[in-house]
Amino acid sequence: MSEERIESILVQVSKLSSMRPNCDVGLIGLAVMGQNLVLNMVDHGFRVAVFNRTYARTKSFMERCAVEPCGSNVSAFETLDSFIESLKRPRKVVMLVQAGAATEAIIQAVLPLLDEGDVLIDGGNALWSDTVCREKELAGKGIHFIGSGVSGGELGARFGPSLMPGGSKEAWALLEPIWVAIAAKVDSDTGQPIEGAQPGEPVTDGEACTTYVGADGAGHYVKMVHNGIEYVDMQLICEAFQLMKELLQMSPDEMSVTFRGWNEGELNSFLIEITADILQQRDYGDEDHFLVDRILDAAGQKGTGKWSSQSALDLGSPASAMAEAVFARCLSAQKDERVTASKLFDNPKLPPVTGEQKELLIAAVRDALYCSKICAYAQGFALMGEAAKEYGWNLNFANLAKIFRGGCIIRARFLQKITEAYQKQDDLSNLILDPYFTGQLKERQSGWRKVVSLAAEAGVSCPAFMAALAYFDGYRSATLPANLLQAQRDYFGAHTYERTDAPRGQSFHTDWPNPMRPQQKI
Ligand code: 6PG
């Protein structure tokens, strides 16, 4: 064979091999979470193809990749077609784009380019019911759809998030190696997160914070409830902060030390840890002022807490602390009205609390926080229990608590206790009934009650502490005034009632304006 001929064959082979799909996974959406998830995947040995709607962002991401150790394992594409062509089969395409219209637009654009057996993964905060519809629609076309919760913010995505995938088991088997590799890792016995030898070094041993959650929208549902719990967790910490500020006149520095101390004990969590950091932060260029004091007290939200609360209402699952945490954000956003109203009412004046009393009150606030947190998680897990029944998901609560132990925003030492509670009893109807949590509530409830009554006396708004306590008291009451309520309903609307001395399910009606007439059995 002539040299020219060999040369031309080599050129053809090289062209063919450069066109041969060589990427293990593709990612669409190079905003903060997408970029960091890509780098996490390449750290773990995957070759990743990337695509973004605007190519300028892709280009700037490739500049970032150029200085990352494994950045050369990222391939950038300007068109969706070439991006899809670069993927090994069955193709795995992860989307990390805004929930709603943006996600839908990407799905519709990608769909014609995929083949039977390919897997499309939505890692955004999509509404779980949208995921149910999408999974069904794509399954009809032979394409797998996984809706996966991805929690942990920027650093979680980069070095190990908590991942909550839902979809078919077949699809999960295809995604599992990637998800297990990139998820946060925890010590299987203690539940404590495992850090890399160097900061940011990928961790390969330990238990991965991901598990198959369930069919269709189960993963996104669980992520939604994770966020609902996140809302309460954050609100409770904020209420503790407000009480220490208003009742004890503590400075942010002093509170930072207190939170840091709490982080050493049963309240140890990512959110407590970042709160301690935030409180000691001075304003940039003005060391005499704390940054937190200069941040406007009007909270934002993207909707997942609201969706959780809406679902709780739909399912009749009393997630009152969760709903209060959402409303607290709404009320905070009404800044101007609050300023107007604040001028109309004086705050009740309480004598200053000092010395030993102050220490006792700080301990009571810690107990109020812990008890309320138990109730918030009890509500969140009970909500997932109701959803599992309603939507036919076989949720494993011990495994869900396990994957919340590392990587995600609500990661906390306390989740090991929840894991153990469900490992002991997988059909536990409410965390409050688990002996560990019952014991904690018994031991700490007096501090909780003291804090809530003091807050009421002093006029400090603590909706989540109060809602959690009202839930606890309602849940542990053998009798509630719903007998009177049923009578009222029957009086004005003939809605009927059950009797304590008749079998459940048998209904009665009284002609209330003529009480001498016999009750009717319906
Ligand atoms: C996570 C977070 C994340 C969420 C933000 C903002 O688990 O990493 O829950 O998914 O989007 O926390 O949520 P809000 O804007 O609603 O507070």
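Caption draft 1: Looking closely at the packing of aromatic side chains. On inspection of all chains with the given rule, the structure shows 21 aromatic pairs. Geometrically, the ring pair formed by Phe-51 and Phe-83 is tilted, given 6.0 Å between the ring centres and 45° between the ring planes. Of the two residues, Phe-51 is situated in strand 2 (residues 48-51) and Phe-83 in helix 4 (residues 80-85); the sequence distance between them amounts to 32 residues. For the pair formed by Phe-51 and Phe-83, the shared burial category is buried. Here Tyr-377 and Phe-414 contribute two aromatic rings whose centre-to-centre distance is 4.8 Å and whose plane-to-plane angle is 80°, an arrangement assigned as edge-to-face. Within this pair, whereas Tyr-377 is found in helix 15 (residues 355-391), its partner Phe-414 is found in helix 17 (residues 414-424), the two being separated by 37 residues in sequence. The class for Tyr-377 is buried, based on a relative accessible area of 0%. For Phe-414, a relative accessible area of 1% translates into the label buried. Aromatic rings pair up to connect Tyr-370, Tyr-377, Phe-414, Tyr-436 and Phe-437 into one cluster. Positioned above the aromatic ring of Tyr-231, the side-chain terminus of Arg-329 is 3.6 Å from the ring centre.

Caption draft 2: Seen up close, the site of the ligand. Surrounding the ligand, one finds 13 residues, the nearest of these being Ser-151, Lys-223, Glu-230, Tyr-231 and Arg-329. Between the ligand and Ser-151 there is a distance of 2.4 Å, counted from an oxygen atom to a side-chain nitrogen or oxygen. A distance of 2.9 Å is found between an oxygen atom of the ligand and a side-chain nitrogen or oxygen belonging to Asn-227. Bound to the protein, the ligand loses 80% of the 420 Å² it would expose on its own. The greatest single-element share of the shell around the ligand, amounting to 5 residues, is contributed by helix 9 (residues 218-248).

Conventions used here
- Residues take numbers from 1 onward in each chain, read along the sequence in its written order.
- Local features in this predicted model are restricted to residues of pLDDT 70 or higher, and side-chain atom pairs are both shown and tallied only at a pLDDT of 80 or more, whereas totals for entire chains, interfaces and linings draw on every residue.
- Each side-chain value is worked out from all heavy atoms of the structure, with water and hydrogens disregarded.
- What counts as a ring pair is set by centres within 6.5 Å for rings of Phe, Tyr and Trp (its six-membered ring), and what kind of pair is set by the plane angle: stacked under 30 degrees, edge-to-face over 60, tilted for all other angles.
- Starting at the N terminus, helices and strands are each numbered in turn, a helix being any DSSP run of H or I of at least four residues and a strand any DSSP run of E of at least two.
- Only protein chains enter the area calculation, which uses a 1.4 Å probe; residues under 20% of their type maximum are buried, those over 50% are exposed, and those in between are partly exposed.
- The criterion for a charge sitting over a ring is simple: Lys NZ or Arg CZ within 6 Å of the ring centre, and within 35 degrees of the ring normal.
- Working definition: residue near molecule or strand if any one of its non-hydrogen atoms lies within 4 Å of it.
- N or O atoms within 3.5 Å of each other form a polar contact, as long as, within protein, one can give a hydrogen and the other can take it, and as long as residues adjacent in sequence are counted only when both atoms are side-chain atoms.
- Each accessible area value is a Shrake-Rupley result obtained with a 1.4 Å probe; residue values ignore everything except the protein chains displayed when judging cover.

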